[in-house]
Amino acid sequence: MDGKNNTDMSDFILMGLTESEDNQLALFGLFLLIYLITVLGNAGMVLLIRLDPQLHTPMYFFLSHLSFLDLNYSTVVTPKTLENLVNSPTYISFVGCFTQLYFFVSLVVTECFFLSFMAYDRYVAICNPLHYPVVMSRTLCHSFITVSYILGFSEALVVVLFTSTLDFCKSNVIHHFFCDTTPILILSCTDIHDTQIMIFILSGCTLMVSLVTISVSYMFILTTILKMKSTSGKKKAFSTCGSHFLGVTIFYSTTFFTYLKPSKSYSVGKDQIASVFYSIVIPMLNPLIYSLRNKEVKQALIRVMQKGASGNHLR
């Protein structure tokens, strides 16, 4: 497709992760298993929180939306990746490619803000427990969710509008397993400096604002915990925050590595591994992190199962 610009280009070619048929088969089985666990884990978490009244608290309200978000942004990437492993290379239309990019960016940015609001929720719960029900009202929780989605989808719209208007006359071959910003920018034959600066500023601001919120929240949380005299109180507080902190660490470490660097430093091997981790693996890990380390979730699961068993017995 040399010499053609974006108005003539009808599709892109996704080269995928590997050209080895043996590796493709192994990765297909692995990614399919991960995706099934992701769907079951996140959908199960959403359903469990809805069914158990004792989980109708702000913390689990945010967690249910985080699970919904993980389920969706994994679905944006993984099915196409599985198709690519079976039929490599895979064609994707110009519109389909930027649609995938739009939803992926919007959901990832939304998750950044979700995680920061979840940190604020933990700050209020531990540092101001008496005012927690008043501060974390239903209205405020819904406002946080709404703002997160608005910011996420708005930022993604700007990124896609800037990127899709570039000229792609070098090649239509994307050396990646899904349509992401850097692999697409590399294909442009026009000056991408302004687009790169815009993406860097937007992603940098998103990451810094959310990380500052998380860092400040945890600084106050840690100070409050250290002042506690009760050992059991400290353990409960650390347990409450541990899952969220672990999830935040995993998510932001890979996101920083991938997006806060120039496109010239893009490495097919290293960047693809990072992309696999945050786009396919992390959505599977989140429900495991928040459930396996959480006694309330385990107890809620038992209550729901017992309720279901007793309902079937009465029939």
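Residues numbered from 1 in each chain as written. Predicted model: local features only at pLDDT ≥ 70, side-chain atom pairs only at ≥ 80, totals over all residues. Heavy atoms only, no water.

### Brief notes about the environment of glutamate 19
Put simply, the rule is: To qualify as a helix, a DSSP run of H or I must reach at least 4 residues; to qualify as a strand, a run of E must reach at least 2; elements of each kind are numbered from the N terminus.
Mapping glutamate 19 onto the fold places it in the loop between β1 (11-14) and α1 (21-51). Glutamate 19 sits 66 residues away from leucine 85 along the chain, and the two C-alpha atoms are 8.9 Å apart.

### Points about the packing of aromatic side chains
Cut-off, in case you're wondering: For this analysis, a ring pair means two rings from Phe, Tyr or Trp (six-membered ring only for Trp) whose centres lie within 6.5 Å, classed as stacked if their planes differ by under 30 degrees, edge-to-face if by over 60, and tilted for the remaining angles. Per-residue accessibility, obtained with a 1.4 Å probe over protein chains only, is compared with the maximum for each type, and a residue is labelled buried under 20%, exposed over 50%, and partly exposed between these values.
Applying the stated criterion across every chain yields a total of 23 aromatic pairs. Judged by centre distance (4.1 Å) and plane angle (5°), the ring pair of phenylalanine 117 and phenylalanine 144 falls under stacked. Remark: phenylalanine 144 occurs in helix α5 (residues 138-164) and phenylalanine 117 occurs in helix α3 (residues 94-127); sequence separation between them is 27 residues. Taking relative accessible area as the criterion, phenylalanine 144 reaches 14% and is therefore assigned buried. Here the aromatic residues Phe61, Phe62, Phe117, Tyr120, Tyr123, Phe144 and Phe220 are joined through ring pairs into a cluster of three or more.

### Examining a nonpolar patch on the surface
Formally: Patches in this entry comprise residues that are over 30% relatively accessible and not in a salt bridge; like charges within 9 Å are linked, as are nonpolar side chains (Val, Leu, Ile, Met, Phe, Trp, Tyr) within 5 Å. Per-residue and other accessible areas follow the Shrake-Rupley method at a 1.4 Å probe size, with only the shown protein chains counted as cover for residues. Salt bridge, as used here: a side-chain nitrogen of Lys or Arg that lies within 4 Å of a carboxyl oxygen of Asp or Glu.
A contiguous nonpolar patch, built from Met208, Val212, Val216, Met219 and Phe220 and spanning about 450 Å² of accessible area, is present on the exposed surface. Tracing the backbone through its elements, the reader meets methionine 208 in helix α7 (residues 193-227).

### Considering the pairing of β1
For clarity, the cut-off: A pair of strands counts as paired when DSSP detects no fewer than two bridges linking them.
Along β1, one buried face is formed by Asp11 and Ile13 and the opposite face, lined by Phe12 and Leu14, is buried too. In this sheet, strand β2 (residues 90-93) lies alongside β1 in antiparallel orientation, the contact comprising 4 bridges. Looking at β2, one finds that isoleucine 13 is bridged to tyrosine 91. Of the pairings in the sheet, the one linking β1 to strand β3 (residues 173-174) comprises 2 bridges and is parallel in character. Residue pairing across strands places isoleucine 13 opposite valine 173, the latter belonging to β3.

Coordinates in, geometry out; function isn't part of it.
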